[in-house]
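Chain by chain, the residues:
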Amino acid sequence: MAIESTREEVTWPRRLAWGALTLFLAAFAVFESVKYGLPTTAAALGFFVLPDAARLAGPRLPGLLHQAAHRVWIPLVVLVGYSFGPIVWPPLFTAGLGWLTRIAIDRTFGHRPPSLRSASS
């Protein structure tokens with residue numbers, strides 16, 4: 001009987017794609033921050049550190065809050081909803097950019113929450 005590894009091997013094309021997305025999102029967040037000023041910069045930086053703040057908030061890993069902070073779909077829904085919705089508040093958009101940038105950085109370096117290691121994404 002073979003011992004199965006709990007860490008999923010991430011291929012280099014996947015890491016390269018996440019890295020390219022990271023660079024794009026970071027550049028877009030900087031562009032929006034320069035364009036709209038300090039509130040958008042604060043929102044982007046605040047949500048960039050959100051996954052670490054979620055780690056500190058819960059007493060045990062992997063907690064529900066920690067897992068939710070590492071889901072790609074949540075900031076993606078924020079970005080798409082803002083783009084097509086009636087709300088016009090740029091800090092909301094840059095918050096989504098900062099959050100998704102952090103998730104992309106983590107995925108580039110192969111860090112995934114335990115609940116996502118067995119699932120393919």
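Before reading on, note that the structure itself is shown above.
Note that the structure is predicted; figures quoted are calculated from it, not measured. (Residues numbered from 1 in each chain as written. Predicted model: local features only at pLDDT ≥ 70, side-chain atom pairs only at ≥ 80, totals over all residues. Heavy atoms only, no water.)

Draft legend 1. Structural view of the packing of aromatic side chains. In this structure the tally under the stated criterion is four aromatic pairs. Their ring planes at 35 degrees and their centres at 5.9 Å tell us that Phe24 and Phe28 sit as a pair that is tilted. Pair noted here: Phe24 and Phe28 are both in helix α1 (residues 12-36), with a separation of four residues, about one helical turn. What makes Phe24 exposed here is its relative accessible area of 51%. Centroid distance Phe28 to Phe93: 5.5 Å. Interplanar angle 75 degrees. Geometry classified as edge-to-face. With a gap of 65 residues between them, Phe28 in helix α1 and Phe93 in helix α6 (residues 90-108) connect regions that are remote in the sequence. A relative accessible area of 26% means that Phe28 is categorised as partly exposed. Cation over ring: Arg102 sits above Phe48, and NZ or CZ is 5.6 Å from the ring centre. (Phe/Tyr/Trp six-rings, centres within 6.5 Å; stacked < 30°, edge-to-face > 60°. Helix = DSSP H or I, 4+ residues; strand = E, 2+ residues; numbered from the N terminus. Buried < 20%, exposed > 50% of the residue type's maximum accessible area, 1.4 Å probe, protein only. Lys NZ or Arg CZ within 6 Å of the ring centre and 35° of its normal.)

Draft legend 2. Geometry of the nonpolar core. If you look at the biggest cluster of nonpolar residues, it comprises 12 residues: Trp18, Leu25, Ala29, Val72, Leu79, Tyr82, Phe93, Leu97, Trp99, Leu100, Ile103 and Ala104. Here this core gets six residues from one element, more than from any other, and that element is α6. (Core = buried A, V, L, I, M, F, W, Y, C linked by side-chain atoms within 4.5 Å.)

Draft legend 3. Seen up close, α1. With 25 residues, α1 should reach 36 Å at 1.5 Å per residue; the first-to-last C-alpha distance of 36 Å fits that figure. Taken together, the buried positions of α1 are Trp18, Gly19, Thr22, Leu25, Ala29, Glu32 and Ser33. Downstream of α1 by a residue or two, Gly37 has a phi angle that is positive, lying close to 95 degrees. (Expected span 1.5 Å × (residues − 1).)

Draft legend 4. Geometry of the side chain of Ser33. Mapped onto the elements of the fold, Ser33 is located in helix α1. Excluding anything up to four places from it in sequence, Ser33 contacts Thr40, Thr41, Ala44 and Thr94. (Contact = heavy atoms within 4.5 Å.)

Draft legend 5. Summary view of the environment of Ala104. Tracing the chain through its elements places Ala104 in helix α6. For the pair Ala104 and Leu25, spaced 79 residues apart in the sequence, the C-alpha separation amounts to 8.6 Å. Among all residues touching Ala104, those that are not within four sequence positions of it are Trp18, Leu21, Thr22 and Leu25.

Draft legend 6. Focus on a nonpolar patch on the surface. Together, Trp73, Leu76, Val80 and Phe84 make up an exposed nonpolar region whose accessible area comes to about 490 Å². Within the secondary structure, Val80 is located in helix α5 (residues 73-84). Accessibility expressed as a relative area gives 42% for Val80, which makes it partly exposed. (Patch = residues over 30% accessible without salt bridge, like charges linked within 9 Å, V, L, I, M, F, W, Y side chains within 5 Å. Areas by Shrake-Rupley, 256 points an atom, 1.4 Å probe, with all protein chains shown as cover. Salt bridge = Lys/Arg side-chain N within 4 Å of Asp/Glu carboxyl O.)

Draft legend 7. Spotlight on the pattern of salt bridges. Tallied over the entire structure, the rule returns one salt bridge. For the salt bridge of Asp106 with Arg102, the shortest nitrogen-to-oxygen distance reads 3.4 Å. Of this pair, Asp106 and Arg102 both sit in helix α6, four residues apart, which is roughly one turn of that helix. For the pair Asp106 and Arg102, a shared accessibility class is recorded, and that class is buried.

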